[in-house]
Amino acid sequence: PFIPTTVDKTEYGTAIAAAKTAFDNGDFKNALGSYVIAYEANPKATEPFIGIARTYMKIGKPDLAEQNLIIAQKKGGLNEDGKIVLIRLHMASKNYQQAREVLQSLGSGANEALFLASIHSLLVGDIEKAQTNLANLVASATDDEYRQLGQELTHTFEVYNTFADSPRSYLLTLVGETLIDNSEFDLSRPLLFEAIAG
């Protein structure tokens, strides 16, 4: 394979930007292709591997996501985006303690981190903490897809709270359905499995 001797910063930046745009538009094939081009332009960078891992999580291939995260860790560690993918991997694998440890290492209050903290709290049975995280997410100054999803989930909690003595499994099912409606398949699965088990 072609391994450049110098980093082409322009090509790298263009490829990363194209990959992120493709990912945001749901064009995961082109996102993966652009991340590969970014890697070829700068083989030492970790960002292409983290982007590939995030894309594989989105399309339901956690094993390939994990392989790319391991490469990123070996190349220089995980930034916040990498840690977020790692949290998603841990939750999908029901490794809730490891997910909690990585969540605690973020400490940034970014919207996606607050969203993941809400889902994690639900998975471990702390409904009050889940609602607190959602309230913080909805109050965020940054209006993005996670804040909007937080608003939907807050409504889901309101529906759940209107039925007295509803079992936790009902809430997990409602939240799981909301996540499916928002293409958060990797997080909906453990919630629905917990609902069935509960």
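Since the structure is predicted, the reported quantities are computational estimates derived from the model, not experimental observations.

## Some remarks on the nonpolar core
Formed by 54 residues in total, the largest nonpolar core has its most connected members in Phe 115, Ile 119, Val 175 and Leu 179. Examining the composition of this core, we find that eight residues originate from one element, helix 7 (residues 111-123), more than from any other. Those residues within four positions of Ile 119 in sequence are excluded, and the remaining contacts are Met 91, Leu 153, Val 175, Leu 179, Leu 187 and Leu 191.

## Here we look at helix 1 (residues 9-24)
The terminal C-alpha atoms of helix 1 lie 22 Å apart, and with 16 residues this matches the ideal 22 Å at 1.5 Å per residue to within 8%. Taken together, the buried positions of helix 1 are Tyr 12, Ala 15, Ile 16, Ala 19, Ala 22 and Phe 23. With its buried residues spanning 130° around the axis, helix 1 presents them on a single face. Seen from the buried face of helix 1, the exposed residues on the opposite side, beyond 90 degrees, are Lys 9, Thr 10 and Asp 24. Remark: Gly 26 follows helix 1 within two positions and exhibits a positive phi of approximately 75°.

## Thoughts on unusual backbone geometry
Of note in this structure, Asp 165 is not a glycine but carries a positive phi near 60°. When you line up the elements, Asp 165 lands in the loop between helix 9 (145-161) and helix 10 (168-181). Its relative accessible area of 80% is what places Asp 165 among the exposed residues. With a phi angle near 60°, Ser 183 is a residue other than glycine that sits in the positive phi range. Relative to the elements of secondary structure, Ser 183 occurs in the loop between helix 10 and helix 11 (185-197).

## Concerning the packing of helix 9 against helix 10
The N-to-C vectors of helix 9 and helix 10 enclose an angle of 150°; their axes lie 10 Å apart at closest approach. When the interaxial angle is binned, helix 9 and helix 10 end up roughly antiparallel. The chirality of how helix 9 crosses helix 10 is right-handed. Across the interface between the two elements, Leu 149, Glu 152, Leu 153, Thr 156, Phe 157, Val 159 and Tyr 160 of helix 9 pack against Arg 168, Tyr 170, Leu 171, Leu 174, Val 175, Thr 178 and Leu 179 of helix 10. Considering only residue class, the contact of helix 9 with helix 10 consists of ten nonpolar, two polar and two charged.

## Section: the layout of surface pockets
Within this model, the largest pocket holds a volume of roughly 680 Å³. Lining the largest pocket we find 29 residues, and of these Phe 23, Asp 24, Arg 54, Glu 145 and Tyr 146 sit closest to its centre. Elements that contribute at least two residues to the lining of the largest pocket include exactly helix 1, helix 2 (28-41), helix 3 (47-58), helix 5 (80-92), helix 7 and helix 9. Of the residues forming the lining of the largest pocket, the biggest block, six residues, is contributed by helix 3. Partitioned by chemical class, the residues of the lining of the largest pocket number nine nonpolar, six polar and 14 charged. Its volume calculated, the second largest pocket comes out at about 240 Å³. Taken together, 16 residues form the lining of the second largest pocket, with Leu 103, Ala 113, Ala 117, Lys 129 and Asn 133 sitting closest to its centre. Top contributing element to the lining of the second largest pocket by residue count: helix 7, with five residues. Here the lining of the second largest pocket is composed, by residue class, of six nonpolar, seven polar and three charged.

Reading guide: rules and limits
- Residues numbered from 1 in each chain as written.
- Predicted model: local features only at pLDDT ≥ 70, side-chain atom pairs only at ≥ 80, totals over all residues.
- Heavy atoms only, no water.
- Core = buried A, V, L, I, M, F, W, Y, C linked by side-chain atoms within 4.5 Å.
- Buried < 20%, exposed > 50% of the residue type's maximum accessible area, 1.4 Å probe, protein only.
- Helix = DSSP H or I, 4+ residues; strand = E, 2+ residues; numbered from the N terminus.
- Contact = heavy atoms within 4.5 Å.
- Expected span 1.5 Å × (residues − 1).
- Arc of directions from axis to C-beta.
- Axes fitted to C-alpha atoms, helices over the stretch in contact; angles between N-to-C directions.
- Parallel < 35°, antiparallel > 145°, perpendicular 65-115°, else oblique.
- Left-handed = near helix turned anticlockwise from the far one by under 90°.
- Nonpolar A, V, L, I, M, F, W, Y, C, P; charged D, E, K, R; others polar.
- 1 Å grid on protein atoms, 1.4 Å probe; cavity = no way out; pocket = protein on both sides within 12 Å on 5 of 7 lines; lining within 4 Å.
- Points joined across faces, edges and corners; volume = space filled by probe spheres on them.

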